[in-house]
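Examining the three-dimensional arrangement
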Amino acid sequence: MSQLLSDFGHELPTVPAPIQVPKAARLFRHAPRRGARRPGRGWAPATAPVSTWRMTSDQAPVLWPFISTPGLPPTGAQMGPDMLSGGAFHADPIGWVLDDAVPVTNPNIFSFGKPGRGKSATTKAFCLRMMDFGYRTLILGDPKDEYEALCRFLGVQPFVIGHGLATRINPLAFGPLMTGWEALSAEQAQGRAAIVFARWLTLVRGLVGSQRIGDLKVPFGPSDEVVVKAALQHLTGYSHGQSHLRETTIPALWHLLNTPSAQLVEQCRYADERHFLDGTRLLRDALGQLVDGALAGLFDDHTTIEVDWGAPIQSLSLSRLEPLGDEAVGIALTCLNSWGRGMREMAAPGDLRVVVRDESWKQLRLGTEAVKSFDADLRLSRRDGDIQFAIAHKPSDLLSAGDSGSQAVAIAKDLLHLADIKILHGQDLGVAQELESMLGLGALARDQVTRWAMQGKGRALWCVGDQLYKVQTVLTPVEKALTYTNENIASAA
């Protein structure tokens, strides 16, 4: 028919040939349940027992905690990769507090880790990178001069405290609270004075409580508090209604208690001067140790330094006090903390700081009152806009605040609840039990701290509320030079 029609000039329509589409390579190939029956293919004579579980996404992390946790907002300092999700990990403590989706109610940080596991490098990298977001850094006591290189890199000369040096810090300084005092109403002046005297009482309580009589700490009771408060009000002129208060010092307080005025004796409800001196003997002797003891000439005069609070970083070095022992360094840290708190009490809105407290365990070992002082600093972080960054070797360092079952230990344990962010660097297996008992880590998280984190510097488990992130801190070449802490070992070798 086609030939016939073609003879008369007609063509039948033809069916187009099918288009040959090449088959795409298969992504997955079927494998028998027992494996391919060929050498080296893992064939098994029996199938593996597999159980089926059905649960919600909220329930899954309970049984499999290291399934990647919810991602955090990409704000703040980028620290390195999150090894669970593969994404970048950003640290932004105050941003986390303001974000209801992140289980964090305060911006405080506790960093624990065995020496040499990268605690200092992570801390310095965090401080340096947060400066890009308007944060400044205050090192309230650098016992090992670890932050001097960072200060000089940023064009700041760190202050050095030690015998024979000109630097003096007055822990009884008014700080910014003295600004505009004359213009305050009576009610406003009373409120501001209450803040000042409360800070001073906390300091004196901690300093007196750090002294020992044999194996016992010097007590600081309600009567001592009344005496100290009344003496401070006399020295500043507050009890006389002066509009301009005078700054006082610890030696002036000690001298007044040794030679009390009749008005002070009467105000403290003592029968006479002899009764006053007998009742305050321990208090006066404890304060005398600060004036004539190992720290004489450091915290017993008016402040001699001018701190540039607009600088990106400020550091107070305590390395010259190391020969005096841990107790002397702890007392120095207590004085610096009180002074630093006073300098921050009237901080302008938006003046955000990272307050680094290195070797914080030395202060806690001074006893109950020193622990209470540290506790107060952590509780005020939300009000002041500060990120309190405390560094210690292991969680049980907090238990060295006193004897087992003592009030100091109970308060020190509660400090962990005042820091919703914990950075857990590598630890020996001997610390595994306290990681589980004190921090509530499960077996899988505990193994990550005692195994994975021990296999490289900068590895840490970041606990952000109840969420866990497995982070490897990555340093730039410049940061590596600034965070290197083995100069002494390398030069000796």
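Refer to the preceding data block for the structure.
Since the model is a prediction, treat every value here as computed from it, not as a measurement.

**Details of the packing of helix H6 (residues 186-209) against helix H12 (residues 326-344)**
Packed helices, taken two at a time, are described by their axes: the angle between them and the distance between them. Two elements in contact, H6 and H12, have axes whose closest approach is 10 Å; the angle formed by their N-to-C orientations is 175°. What the angle tells us is that H6 and H12 run roughly antiparallel. Facing Arg199, Thr202, Leu203 and Leu207 of H6, the residues of H12 in contact are Ile331, Thr334, Cys335, Ser338, Arg341 and Gly342. For the contact of H6 with H12, the residue count by class is four nonpolar, four polar and two charged.

**Examining the side chain of Lys119**
Position of Lys119 relative to the elements: it lies in helix H4 (residues 119-130). According to the relative accessible area criterion, Lys119 is buried, its value standing at 10%. Here the side chain of Lys119 touches Gly113 through a polar contact of 3.0 Å, landing on its backbone oxygen. Beyond its immediate stretch of four places on either side in the chain, Lys119 contacts Ser111, Phe112, Gly113, Lys114, Ile391, Ala392, His393 and His425.

**Topic: the pattern of salt bridges**
Under the definition given, this model contains 13 salt bridges. With a shortest N-O distance of 3.5 Å, Arg136 and Asp351 are connected by a salt bridge. Within this pair, whereas Arg136 is found in strand E4 (residues 136-142), its partner Asp351 is found in the loop between H12 and strand E9 (353-357), the two being separated by 215 residues in sequence. The class for Arg136 is partly exposed, based on a relative accessible area of 26%. Of the residues examined, Asp351 reaches a relative accessible area of 17% and is grouped as buried. For Glu225, the salt bridge goes to Arg205, with nearest N and O atoms at 3.0 Å. One end of the pair, Glu225, is in helix H7 (residues 222-236); the other, Arg205, is in helix H6, with 20 residues separating them in the sequence. Overlapping salt bridges bring together Asp145, Glu148, Arg152 and Arg320 as one network.

**Here we look at the pairing of E4**
Burial within E4 is extensive, with six of its seven residues counted as buried. Two elements, E4 and E9, share four bridges in a ladder whose sense is parallel. Within the sheet, the bridge partner assigned to Arg136 lies in E9 and is Arg353. For E4 and strand E8 (residues 313-317), the ladder comprises four bridges, and the chain directions are parallel.

**Overview of the nonpolar core**
In a soluble, globular protein the nonpolar side chains are often hidden away together inside. Membership of the largest hydrophobic core comes to 65 residues, with the highest contact counts inside it found for Leu253, Phe276 and Phe299. The set of elements that each furnish at least two residues to this core consists of E4, H6, H7, helix H8 (250-258), helix H9 (262-267), helix H10 (273-279), helix H11 (281-292) and H12. Looking at this core, the element that brings in the most residues is H6, giving 10 residues. For Phe299, the contacting residues outside a window of four places in its chain are Ile161, Ile169, Pro171, Ile250, Ala332, Cys335 and Leu336. Counting 38 residues, the second largest nonpolar core, distinct from the first, contains Phe126, Leu128, Phe389 and Val464.

**Focus: empty space enclosed by the protein**
Evaluation of the coordinates by the stated rule reveals three cavities of 30 Å³ or more. For the largest cavity, the calculated volume is near 80 Å³. Taken together, 13 residues line the largest cavity, and the ones lying closest to its centre are Arg341, Arg357, Asp384, Asp386 and Gln388. Elements that contribute at least two residues to the lining of the largest cavity include exactly E4, H12, E9 and strand E10 (386-392). With four residues, H12 is the largest single contributor of residues to the lining of the largest cavity. Here the lining of the largest cavity is composed, by residue class, of four nonpolar, three polar and six charged. Each pocket or cavity is described by its volume, and for the second largest cavity that value is around 60 Å³. For the lining of the second largest cavity, the elements supplying multiple residues, two or more each, are H11 and H12. Its residues assigned to classes, the lining of the second largest cavity comprises eight nonpolar, no polar and one charged.

Rules of the game
Residues numbered from 1 in each chain as written. Predicted model: local features only at pLDDT ≥ 70, side-chain atom pairs only at ≥ 80, totals over all residues. Heavy atoms only, no water. Axes fitted to C-alpha atoms, helices over the stretch in contact; angles between N-to-C directions. Helix = DSSP H or I, 4+ residues; strand = E, 2+ residues; numbered from the N terminus. Parallel < 35°, antiparallel > 145°, perpendicular 65-115°, else oblique. Contact = heavy atoms within 4.5 Å. Nonpolar A, V, L, I, M, F, W, Y, C, P; charged D, E, K, R; others polar. Buried < 20%, exposed > 50% of the residue type's maximum accessible area, 1.4 Å probe, protein only. Polar contact = N/O pair within 3.5 Å; in protein donor to acceptor, adjacent residues only side chain to side chain. Salt bridge = Lys/Arg side-chain N within 4 Å of Asp/Glu carboxyl O. Pairing = 2+ DSSP bridges. Core = buried A, V, L, I, M, F, W, Y, C linked by side-chain atoms within 4.5 Å. 1 Å grid on protein atoms, 1.4 Å probe; cavity = no way out; pocket = protein on both sides within 12 Å on 5 of 7 lines; lining within 4 Å. Points joined across faces, edges and corners; volume = space filled by probe spheres on them.

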